[in-house]
Amino acid sequence: MEQKKEKRLKKWLKNLVGDLVDPEKLGQGNKPIKMHQIKLSSQFDHFHLIPISDLHVGDPQFNPIKLLAYEEWIMSKENAFVVLNGDLVDAAIKNSIGDVYGNAFIPGMQIKLVHKLLEPIKDRILAVVSGNHEDRIFKETGIDISEWIADKLGTWYGGDEAWLEIHVGKGKNGKPIVYTVYMTHGWGAGRTPGAKTNNLSKMKEISLADVIIASHTHFMTTHHEPIRIPDIRTGFVREDKIVFVSSGAYVGRPTYAVRKGIPPAKQGSPNIWFDGRRKDVHSSI
Ligand SMILES: [Fe+2]
Ligand SMILES: [Fe+2]
């Protein structure tokens, strides 16, 4: 919106509600989203991004050894980085679907355990977003435990979603290669692998990026989709691709999964490989 017009409307809003509330607190409207910029070393000829989600710490089916095996691998490589994509705790609380008596530890202990378990790789974590299991606590108390965990690990917190702009390596022109990543915890998507994959693919209808990462389904998968973009600067249609990644889980088959006939999850995380010399991304599970 034109600046002069915005100023006029803000003044009008202040006249209307200013004696009741601070108009700034009424809402921010369509505030532009700033991407979180990350500058990795220009020496890297590639880097790995490992999305970690759905630990469900507190669920007796959580697999800490699997998590530590990934952490060990990450720490063994100077160019391996991590994003945390929600459901780090299980947080079965009294009004949630999960079995409130079934958790091995109370939510307070679950949060402490997540911090302790992720501390060894805290310098590798590029971003954190929240999941629906953390949101249960927010809904009940107004306390955002994902923000607390991100704070404690000294990393950046995006809330419900994150846009990352990652600079790495050096292209032929001497400038870094720049990638965009969109990540959010995600939502339910039907029972079949096809339904889950379609749901992941449909995310491009809302947000475009080089890599789109979602979680929640505990279904680890990845696929690439070609995309054609008309470029008015060159007059050519540019061929590109979007890499879709669903990040999996670190929990076996909780009781709700048994009751609902949901199969066990393939545990662990995908590995997203970004080239640092020319723009290219690969992903493997
Ligand atoms: Fe989950
Ligand atoms: Fe979830």
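Just above, that's the structure.
Reading the values: the criteria
Residues numbered from 1 in each chain as written. Chains lettered and ligands numbered in written order. Predicted model: local features only at pLDDT ≥ 70, side-chain atom pairs only at ≥ 80, totals over all residues. Pairing = 2+ DSSP bridges. Helix = DSSP H or I, 4+ residues; strand = E, 2+ residues; numbered from the N terminus. Axes fitted to C-alpha atoms, helices over the stretch in contact; angles between N-to-C directions. Contact = placed C-beta atoms within 7 Å. Buried ≥ 20, exposed ≤ 12 C-beta atoms within 10 Å, placed from the backbone. Core = buried A, V, L, I, M, F, W, Y, C linked by C-beta atoms within 7 Å. Left-handed = near helix turned anticlockwise from the far one by under 90°. Nonpolar A, V, L, I, M, F, W, Y, C, P; charged D, E, K, R; others polar. Arc of directions from axis to C-beta. Right-handed = clockwise from strand over helix to strand, strands pointing away.

A. Spotlight on the sheet that holds strand S3 (residues 80-85). Across the sheet, which stays open at both edges, the six strands sit in the order S5-S4-S3-S2-S11-S12 with mixed pairing between neighbours. The open sheet has two edge strands, strand S5 (157-159) and strand S12 (281-284), and neither has a second partner. In this sheet, adjacent strand axes meet at a mean angle of 20° when their direction is disregarded. Pairing of strand S2 (residues 46-52) with strand S11 (residues 271-275), which is carried by four bridges, proceeds in the antiparallel orientation. Bridge pairing in S11 places His48 opposite Trp273. On the sheet, helix H6 (residues 145-153) packs against strand S4 (125-129) and S5 and is oriented at approximately 165° with respect to S4.

B. Fine view of unusual backbone geometry. With a phi close to 55°, Asp87 is a non-glycine residue in the positive phi region. Tracing the sequence through the fold places Asp87 in the loop between S3 and helix H4 (107-118). In this structure, His218 is a non-glycine residue whose phi angle is positive, near 60°. Structurally, His218 can be placed in the loop between strand S8 (211-214) and strand S9 (221-231). Residue His218 is classed as buried on the basis of its 26 C-beta neighbours within 10 Å.

C. Up close: the nonpolar core. Judged by nonpolar contacts, the single largest core of 52 residues is most densely connected at Leu55, Val82, Val114, Val181, Met183, Val211 and Ile213. When residues of this core are assigned to their parent elements, the largest contribution, five residues, is made by strand S7 (residues 177-184). If we ignore the near neighbours within four places in the chain, the residues touching Val82 are Ile50, Ile52, Ile74, Ile121, Arg124, Ile125 and Leu126.

D. Highlighting the pairing of S9. Judged by how many residues are buried, S9 sits mostly at the surface: one of eleven residues are covered. Sheet analysis places S9 next to strand S10 (residues 236-246), joined by eleven bridges and oriented antiparallel. Counterpart to Arg228 in the pairing with S10 is Glu239. Joining the antiparallel neighbours S9 and S10 is a turn of four residues, in which Gly235 adopts a positive phi near 80°.

E. Representation of the sheet that holds S9 within the structure. In spatial order, the strands read S1-S6-S7-S8-S10-S9; together these six strands make up an open sheet with mixed pairing. Two strands close off the open sheet at either side, each with one partner strand: strand S1 (36-39) and S9. Between one strand axis and the next, the sheet turns by 25° as a mean value, whatever way the strands run.

F. View of the packing of H4 against H6. Packing of H4 against H6 brings their axes to within 10 Å, and their N-to-C directions diverge by 35°. Note on packing geometry: the crossing formed by H4 with H6 is right-handed. Residues Ile111, Val114, His115 and Leu118 of H4 lie in contact with H6, whose contacting residues are Ile145, Trp148, Ile149, Lys152 and Leu153. Per-class residue counts for the contact of H4 with H6 are seven nonpolar, one polar and one charged.

G. Main features of H6. Residues of H6 that are buried: Ile145, Ser146, Ile149 and Ala150. Looking straight down H6, one finds that the buried residues subtend no more than 145° of arc, so they occupy a single side. Once H6 finishes, Gly154 follows within two positions and takes phi at roughly 70°, a positive value.

H. Broad picture of the pairing of S3. Counting buried residues in S3 gives five out of six residues, a clear majority hidden from the surface. Across five bridges, S2 lies against S3 in parallel orientation. Each bridged residue has a counterpart across the sheet, and for Pro51 the counterpart in S3 is Val83. Regarding the hand of the β-α-β motif, the stretch spanning S2, helix H3 (residues 64-75) and S3 is right-handed. Pairing analysis gives four bridges linking S3 to S4, with the strands arranged parallel. Bridging across to S4, Leu84 finds its partner in Val128.

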